[in-house]
Amino acid sequence: MPAGLVLLALATGCEVVQEIQQPQPVVRPPAGILEGLATRGTRIVDLTHTLNAASPHWPGEGYEPFAYETFATLEENGVLSGRFSMAEHTGTHLDAPNHFAEGQIAVDEIPPSQLIVPAAVIDVSAAVALNPDYELSAEVVTAWERQYGAIEPGTLVFMYTGWEERFADFERYRNADEEGRMHFPGFSPAAAELLVTGRDVAGLGIDTLSVDYGLSTDFAVHAISHGRGKYHIENAANLAMLPASGAWVIVAPIKIERGTGGPVRLFALVR
Ligand SMILES: [Zn+2]
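Residues numbered from 1 in each chain as written. Predicted model: local features only at pLDDT ≥ 70, side-chain atom pairs only at ≥ 80, totals over all residues.

Participant: Whenever I open this one, the overall build of the chain confuses me. Can you help?
Facilitator: Tallying secondary structure elements over the chain gives eight helices and 12 strands in all. Over its C-alpha atoms the chain spans a radius of gyration of 20 Å, differing by no more than 12% from the 18 Å that the globule rule assigns to 271 residues. Expressed along its principal axes, the backbone C-alpha trace of the chain runs to roughly 65 × 55 × 45 Å. Taken across its 271 residues, the chain has 36% of its residues classed as buried. For the chain, restricting intrachain contacts to residue pairs at least 6 apart in sequence, the fraction spanning at least 24 positions comes to 74%. (Helix = DSSP H or I, 4+ residues; strand = E, 2+ residues; numbered from the N terminus. Rg over C-alpha atoms; globule rule 2.2 N^0.38 Å. Buried ≥ 20, exposed ≤ 12 C-beta atoms within 10 Å, placed from the backbone. Contact = placed C-beta atoms within 7 Å.)

Participant: Sorry, what's going on with the pairing of strand β3 (residues 81-85) here?
Facilitator: Both faces of the sheet carry side chains from a regular strand, because those side chains alternate between them. Buried residues are scarce in β3, accounting for zero of its five residues. The pairing of strand β2 (residues 67-72) with β3 spans five bridges and is classified as antiparallel. Paired with Ala72 across the strands is Ser81, a residue of β3. (Pairing = 2+ DSSP bridges.)

Participant: Honestly, the pairing of strand β7 (residues 156-160) in this entry has me stumped. Any pointers?
Facilitator: Buried residues dominate β7, accounting for five of its five residues. When strand β5 (residues 116-123) meets β7, the two strands line up parallel, connected through five bridges. Paired with Ala120 across the strands is Val157, a residue of β7. Across four bridges, the pairing between β7 and strand β9 (residues 203-206) is parallel. Across the sheet, residue Met159 finds its bridge partner in β9, namely Ile206.

Here it is, written out as structure tokens:
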């Protein structure tokens, strides 16, 4: 509803007033972060892996790997052009809320205001080095907040697990045992509940194949966050180059009509 109509509704006291939402607290970018783009005082970190035939993709049935072919060349056609195909959930990508939740929005419907947001980075790489089945607990989230401050509404919260080091080798990245069970870290359902419901974050991000850890069979984290309209970033790159807090991210997913996600170009601005 246009603001004018809301005011009119207020003035006339009609029913529509109930639609007015509580204002969200304003989270401001750190001073100078945008000016720093012009003066080069702000660092731009590319959090995106390059797509190629070796890019990790969700290893389920029907999830085809990335493929590229050249169909016109400068020599023969006077123009160089190619085409590509891939499953949506390949390489550095976004999961839209409709991926696991009935009635939720698709990738093309995520409001841009949810895509240029502050980033929080919870570094659990030391714990993951000892335990590939590590799940981020709610207690670790609150301990992080005691150190760096409360996670503001609208933040994109990343787990930095260090798993990126395996990205170039899909077998090591998915890390399946003899029974085919994968071993890589993720968010626990309790941490997801705290972040999604308690903190009203924009989304969850991670540098592994999934926000649910590898051993998950019920994808509980996906259900919790998508069920509340939140998105995920999976297979993020270069998270080690971000501060724990203070960076902003620009999340630019492909705009596929009714898509369940898709490749994303992901930048961080660091002052
Ligand atoms: Zn996905």
